[in-house]
Amino acid sequence: MKVENVMVTGANRGIGLEFVRQLSRLNEPPKHIFATYRSPDSLKLLSSKRKEKVSLPPLDGEKSYQKERSGTALLNLVANDLLNQDWPAHTSIHALEDDFVLVIKARTKEELRRSIQESIGKFITWADNNNIEVSPDKTNYILFRKWAEEPRIYWKGDKIKQKHAIKYLGVHIDDKLNWSTHLQHQAQKSISCSKTF
């Protein structure tokens, strides 16, 4: 199926920039690739793509025309290789748009440490090979078991922060798996909505 127009959000770096590169290299590239961005500095990175039928919509003040739903088809261009790699035993990877989740099961702390190191090493290699930047500040982990000493997890020397609750696909998951965090957020949301009426 020939695609006429594609819009890529966050095209100034990381996965968004790689989408633009991969789309423009297809045997039958889209007629127009609309690359949106947040910072005017990103024009330096994207200007070289103009010859590859890439349009840079003008900024509206400091904001772009981004819509955070570019669809899984674009992500697959970049991420399929990562999703299909051989992951360590009891490790799985899940992706939605530009969010990735590694799920690792282990019986001992040492087994967990080895699996984490191997999995993160594989992810780093893939990201480096594809010129993709991963922000350690936006990377977190959650542990569904209590140990006297929590594991220390690093991404290229930067410590990954542990969270007691994370939000994934609109659901707040807490480390006790009792849904109290999600219920609290839903209650707060309901109260906020009721105040608007």
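Being a predicted model, the structure only gives us computed values, none of them experimental. (Residues numbered from 1 in each chain as written. Predicted model: local features only at pLDDT ≥ 70, side-chain atom pairs only at ≥ 80, totals over all residues. Heavy atoms only, no water.)

Participant: Mind laying out the environment of D175, listing which residues take part and the relevant values?
Facilitator: Tracing the chain through its elements places D175 in the loop between strand 11 (171–174) and helix 5 (180–195). Along the sequence, D175 and H164 sit 11 residues apart, while their C-alpha atoms lie 5.3 Å from each other. Those residues in contact with D175 that lie beyond four places of it in its chain are I142, L143, F144, K146 and H164. Only 2.7 Å separates the side chain of D175 from the side chain of H164, close enough to count as a polar contact. (Helix = DSSP H or I, 4+ residues; strand = E, 2+ residues; numbered from the N terminus. Contact = heavy atoms within 4.5 Å. Polar contact = N/O pair within 3.5 Å; in protein donor to acceptor, adjacent residues only side chain to side chain.)

Participant: If you had to explain helix 1 (residues 14–25) to someone new, which residues and values would you point to?
Facilitator: Count 3.6 residues to each turn of an α-helix, and residues three or four apart come out pointing the same way. The terminal C-alpha atoms of helix 1 lie 17 Å apart, and with 12 residues this matches the ideal 16 Å at 1.5 Å per residue to within 8%. Burial of helix 1 is extensive: 10 of the 12 residues sit out of reach of the surface. Among all positions in helix 1, only G14, I15, G16, L17, E18, F19, V20, R21, L23 and S24 are buried. (Expected span 1.5 Å × (residues − 1). Buried < 20%, exposed > 50% of the residue type's maximum accessible area, 1.4 Å probe, protein only.)

Participant: If you had to explain the pattern of salt bridges to someone new, which residues and values would you point to?
Facilitator: Throughout the structure, instances matching the rule amount to four salt bridges. For R21, the salt bridge is made with E18, and the minimal N-O distance between the two is 3.3 Å. With R21 and E18 both in helix 1 and three residues apart, this pair spans about one turn of that helix. Residue E18 is classed as buried on the basis of its relative accessible area, which comes to 4%. A salt bridge links R114 to E110; the nearest nitrogen and oxygen atoms lie 3.8 Å apart. Of this pair, R114 and E110 both sit in helix 4 (residues 109–129), four residues apart, roughly one helical turn. Connected through shared salt-bridge partners, E110, R113 and R114 make up one network. (Salt bridge = Lys/Arg side-chain N within 4 Å of Asp/Glu carboxyl O.)

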